Amino acid sequence: MTAEQLITRRAGADSSFTVVAAGEETAHEVRRLDVTFDLPADQPLATLIPRAIARECKVSRTVEHGAPVAVRLDPDLRQT
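Structural notes, computed from the coordinates. Since we're looking at a predicted model, the values are computed, not measured.

Another point: the overall build of the chain. Helix and strand counts for the chain stand at three helices and two strands. Secondary structure elements of the chain, listed N to C terminal, follow the sequence α-β-β-α-α. The C-alpha radius of gyration computed for the chain amounts to 18 Å, which surpasses the reference 12 Å derived for 80 residues by more than 25%, pointing to a less compact arrangement than a globule. The principal-axis extent of the C-alpha atoms belonging to the chain is close to 55 × 30 × 20 Å. Long-range pairs, those at least 24 residues apart, make up 38% of the contacts in the chain between residues at least 6 apart in sequence. Distance from the positive charge centre (10 side chains) to the negative charge centre (12 side chains) of the chain: 7 Å.

This is the structure in structure tokens:
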């Protein structure tokens, strides 16, 4: 996660928490992704995490907003 550095800096070097990612997928696509932190909701860091991910995480922003995928064929890229 791109937001990891910000979250770690705010949490402090001596803090620890667990993050679990799970989701739902079909044979050809991910349908849902859940990221869970083992932090109580009343901890100050708990309000920072969703904002940090929304602002800093390239993967979640790309998934949420969608991005075109261009597929090109270029025989000059072939390694010899």
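Counting residues in each nonpolar core, the largest one holds 11 residues, listed as Ala3, Leu6, Ile7, Phe37, Leu39, Leu45, Leu48, Ile49, Ala52, Ile53 and Cys57. If you list the elements that add at least two residues to this core, you get α1 (4–11) and α2 (44–56). Here this core gets five residues from one element, more than from any other, and that element is α2.

Here we take up the pattern of salt bridges. Under the criterion given, the structure shown has four salt bridges. In this structure, Glu24 and Arg32 form a salt bridge, with 3.0 Å as the shortest nitrogen-oxygen distance. In this structure, Asp34 and Arg32 form a salt bridge, with 2.9 Å as the shortest nitrogen-oxygen distance. By relative accessible area, which is 32% here, Asp34 ends up partly exposed. In the salt-bridge network here, residues are joined through shared partners; they are Glu24, Arg32 and Asp34.

Analysis parameters
- Residues numbered from 1 in each chain as written.
- Predicted model: local features only at pLDDT ≥ 70, side-chain atom pairs only at ≥ 80, totals over all residues.
- Heavy atoms only, no water.
- Helix = DSSP H or I, 4+ residues; strand = E, 2+ residues; numbered from the N terminus.
- Rg over C-alpha atoms; globule rule 2.2 N^0.38 Å.
- Contact = heavy atoms within 4.5 Å.
- Lys, Arg positive; Asp, Glu negative; His and termini not counted.
- Charge placed at Lys NZ, Arg CZ, Asp CG, Glu CD.
- Core = buried A, V, L, I, M, F, W, Y, C linked by side-chain atoms within 4.5 Å.
- Buried < 20%, exposed > 50% of the residue type's maximum accessible area, 1.4 Å probe, protein only.
- Salt bridge = Lys/Arg side-chain N within 4 Å of Asp/Glu carboxyl O.

In short, the description is geometric, and any link to function would need to be established separately.
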